[in-house]
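One-letter residues, chain by chain:
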Amino acid sequence: MEKSLNLGYGTEVPPLLDHVKIIFDQQDLQEKDAIEFFDHFEERGWQTKTGVSIKNWKQVADQWIWDLKKGIK
């Protein structure tokens, strides 16, 4: 069976770092912010702080970006 390509859909976890960088760039954020997000969840095995597997990384990224823009992160 052929492995499918990761096309950057939110349900493809873990995402490619390049896809994360694109989302952060589209929100006028720096590459370092994208890398920090990626590294944070990579260390957690793409799970929430309560241990639930992330099913859509873009939803999690949206919250992370919101927090960054509000000065919470």
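Shown above is the structure to which this text applies.
Note that the structure is a prediction, hence the values are computed from the model and not measured.

Definitions and cut-offs
- Residue numbering note: each chain is counted from 1, following its sequence as written.
- Note on the predicted model: pLDDT of at least 70 is required for a residue's local features to be given, and 80 or more for side-chain atom pairs to be given and counted; whole-chain, interface and lining totals, by contrast, use all residues.
- With hydrogens and water set aside, each side-chain value is computed from the structure's full complement of heavy atoms.
- Helical segments are the DSSP runs of H or I of at least four residues, strand segments are the runs of E of at least two, and each set is numbered from the N terminus.
- Relative accessible area decides the class of each residue, using a 1.4 Å probe on protein chains only: under 20% of the type maximum gives buried, over 50% gives exposed, and in between gives partly exposed.
- Working rule for contacts: check all heavy atoms of both residues, and any pair within 4.5 Å makes them a contact.
- To estimate the expected span of a helix, count its residues, drop one, and scale the result by 1.5 Å.
- Regarding the arc, it is the one traced by the directions from the helix axis to the C-beta atoms.
- Excluding any residue in a salt bridge, patches collect residues exceeding 30% relative accessible area, merging like charges within 9 Å and nonpolar Val, Leu, Ile, Met, Phe, Trp and Tyr side chains within 5 Å.
- Accessible surface is estimated by sampling points in the Shrake-Rupley manner with a 1.4 Å probe; for residues, cover comes only from the protein chains shown.
- By salt bridge we mean one thing: a side-chain nitrogen of Lys or Arg within 4 Å of a carboxyl oxygen of Asp or Glu.
- In this tally, Lys and Arg are treated as positive and Asp and Glu as negative; His is ignored, and so are the chain termini.
- Lysine's charge is taken at NZ, arginine's at CZ, aspartate's at CG and glutamate's at CD.
- Here the axes come from fitting lines to C-alpha atoms, over the contacting stretch only for helices, and the angles between their N-to-C directions go from 0 to 180 degrees.
- Angles are sorted into four bins: roughly parallel if under 35 degrees, roughly antiparallel if over 145, roughly perpendicular if 65 to 115, and oblique for all others.
- Crossings are classed by handedness, with left-handed meaning an anticlockwise turn of the near helix from the far one by less than a right angle and right-handed meaning a clockwise turn.
- Nonpolar residues are Ala, Val, Leu, Ile, Met, Phe, Trp, Tyr, Cys and Pro. Charged residues are Asp, Glu, Lys and Arg, and all others, Gly as well, are polar.

Before going further, it helps to examine the side chain of Asp 67. Looking at the secondary structure, you find Asp 67 in helix α3 (residues 57-70). By relative accessible area, Asp 67 is classed as buried at 12%. The residues touching Asp 67, leaving out its near neighbours within four places in the chain, are Ile 72 and Lys 73.

Our focus in this paragraph is unusual backbone geometry. Put simply, Val 13 and Pro 14 share a cis peptide bond, and its omega is 0 degrees. Its place among the elements puts Pro 14 in the segment before α1 (17-26). For Asp 28, which is not glycine, the phi dihedral falls at a positive 60 degrees. Looking at the secondary structure, you find Asp 28 in the loop between α1 and α2 (31-43).

A word on α3. Taking 1.5 Å of rise per residue, the 14 residues of α3 would be expected to cover 20 Å, and the 20 Å separating its terminal C-alpha atoms lies within 8% of that figure. Here α3 has its buried residues at Trp 57, Ala 61, Trp 64, Ile 65, Asp 67 and Leu 68. On an axial view of α3, the arc spanned by its buried residues comes to 160 degrees, and they lie on one face. Exposed residues pointing more than 90 degrees away from the buried face of α3 are listed as Gln 59, Trp 66 and Lys 70. Of the surrounding elements, those touching the buried residues of α3 are α1 and α2.

Taken together, the side chains of Glu 36, Asp 39, Glu 42 and Glu 43 define an acidic patch exposed on the protein surface. For Asp 39, the position within the fold is in helix α2.

Here the focus is the packing of α2 against α3. Think of two packed helices as two axes; the pair is described by the angle between the axes and how far apart they sit. Between α2 and α3, whose axes approach to 11 Å, the crossing angle comes to 125 degrees. For the element pair α2 / α3, the angle class is oblique. Note on packing geometry: the crossing formed by α2 with α3 is right-handed. Contact residues: α2 offers Asp 33, Glu 36, Phe 37, His 40 and Phe 41, while α3 offers Trp 57, Val 60, Ala 61, Trp 64 and Leu 68. By residue class, the composition of the contact of α2 with α3 is seven nonpolar, one polar and two charged.

Coordinates in, geometry out; function isn't part of it.
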